[in-house]
Amino acid sequence: MNEMKQEAVAYIALGANLGDRERSLQEALAKLDAHPGIRVAACSDVYETEPVGYTDQPQFLNMAAQVASTLAPQDLLRVMLDIELEMGRVRDVRWGPRVIDLDLLYMEGFEMDSPELTLPHPRMGERLFVLIPLADIVPSDNRRLHAFVHRALGTLDGKEDIRKWTRFSWPDESAPSAN
Ligand SMILES: Nc1ncnc2c1ncn2[C@@H]1O[C@H](COP(=O)(O)OP(=O)(O)OP(=O)(O)O)[C@@H](O)[C@H]1O
Ligand SMILES: Nc1nc2c(c(=O)[nH]1)N=C(CO)CN2
């Protein structure tokens, strides 16, 4: 893995709509935070959302996390994809049901466009289930991302059914260790 000397701030979208959704979000955050090159710095509220795209599937829980990472973006994504696999995600239906979905939305200082990794995430401005949690944690001094999120929120206002989910806390003292 290519370790960078300095931490870079990145934003990750989390989604879950199979099994114990809340526990899956907790577990994914714990696994990210347990990695030596990743520190979970802030978490959004959790929202219950109607499925978008492929609609014949259960409701999602969605949230966003701000992380600080010394990993190169490709390595951070690899860790995220490994966590999805460890947690039993099966890739079959595009936009279909999943135990956990982790998308890398934005990483400070990095722009790239390849099938393996596109940054910023090409569809983040189209999805309220991504933007509403992200707005909880993007600081206003990140002018570029803050402006992007709020402009996109303005154009999508009211287009998806999203409700705040209140029963979530992280770090979760009762959760099993991620290792
Ligand atoms: N910014 C990114 N974040 C996550 N995956 C990405 C990104 N850019 C490209 N990819 C690639 O997309 C592939 C498919 O991702 P995934 O199965 O999570 O898509 P999806 O959640 O079904 O749809 P969407 O990409 O619209 O969220 C991953 O294997 C990954 O290599
Ligand atoms: N509400 C909601 N809908 C979705 C979600 C998601 O996380 N939340 N993820 C998808 C796969 O990218 C497809 N549709």
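The shown structure was predicted, so the numbers you read here are calculated from the model rather than taken from an experiment. (Residues numbered from 1 in each chain as written. Chains lettered and ligands numbered in written order. Predicted model: local features only at pLDDT ≥ 70, side-chain atom pairs only at ≥ 80, totals over all residues. Heavy atoms only, no water.)

## As for the site of ligand 2
Stated precisely, the cut-off is as follows: One heavy atom within 4 Å of a molecule or strand makes the whole residue count as near it. Nitrogen and oxygen atoms within 3.5 Å of one another constitute a polar contact, given that in protein one can donate a hydrogen and the other can accept it, and given that sequence-neighbouring residues count only through two side-chain atoms. Here, Shrake-Rupley sampling with a 1.4 Å probe gives the accessible areas, and only protein chains in the shown set may cover a residue. Side-chain classes follow a simple rule in which Ala, Val, Leu, Ile, Met, Phe, Trp, Tyr, Cys and Pro form the nonpolar group, Asp, Glu, Lys and Arg form the charged group, and the remainder, Gly included, forms the polar group.
Taken together, 11 residues surround ligand 2, and among them Thr 49, Glu 50, Val 52, Asn 62 and Phe 129 come closest. Here Glu 50 contributes a backbone N or O atom positioned 2.7 Å from a nitrogen atom of ligand 2. Between ligand 2 and Asn 62, the relevant distance is 2.8 Å, taken from an oxygen atom to a side-chain nitrogen or oxygen of the residue. Within the complex, 96% of the 340 Å² of free accessible area of ligand 2 lies under protein. Partitioned by chemical class, the residues of the shell around ligand 2 number five nonpolar, two polar and four charged.

## Notes on the packing of helix H1 (residues 21–34) against helix H2 (residues 73–86)
Convention followed: Axis angles are defined between N-to-C directions and span 0 to 180 degrees, where every axis is a line fitted to C-alpha atoms and, for a helix, only to the segment in contact. Helix and strand assignments come from DSSP, with helices taken as H or I runs of at least 4 residues and strands as E runs of at least 2, each series counted from the N terminus. Roughly parallel covers angles under 35 degrees, roughly antiparallel covers those over 145, roughly perpendicular covers 65 to 115, and oblique covers all other angles. Crossing chirality is assigned from the near helix's rotation relative to the far helix, an anticlockwise turn below a right angle marking it left-handed and a clockwise turn marking it right-handed. Whether two residues are in contact is decided by their heavy atoms: any pair within 4.5 Å suffices.
Taken N-terminus to C-terminus, the directions of H1 and H2 make an angle of 135 degrees; their axes are 10 Å apart at the nearest point. With respect to their mutual orientation, H1 and H2 come out oblique. Crossing hand, H1 versus H2: right-handed. On H2, the residues that touch Ala 28, Lys 31 and Leu 32 of H1 are Met 80, Ile 83 and Glu 86.

## Re the packing of aromatic side chains
Rules: Stacked, edge-to-face and tilted labels apply to pairs of Phe, Tyr and Trp rings (six-membered ring for Trp) whose centres lie within 6.5 Å, assigned for plane angles under 30 degrees, over 60, and everything in between, in that order. We call a residue buried when its accessible area falls under 20% of the maximum for its residue type, exposed when it is over 50%, and partly exposed in between, using a 1.4 Å probe and counting protein chains only. By definition, being over a ring means that NZ of Lys or CZ of Arg is both within 6 Å of the ring centre and within 35 degrees of the ring normal.
Taken as a whole and judged by the stated rule, the model has one aromatic pair. Geometrically, the ring pair formed by Tyr 11 and Tyr 106 is tilted, given 6.4 Å between the ring centres and 55 degrees between the ring planes. Residue Tyr 11 is located in strand S1 (residues 3–16), and its partner Tyr 106 is located in strand S5 (residues 101–107); the two are separated by 95 residues in the primary sequence. Among the residues examined, Tyr 106 registers a relative accessible area of 7% and is labelled buried. Above the plane of the ring of Trp 165 lies Arg 21, whose end atom (NZ or CZ) is 5.2 Å from the centre.

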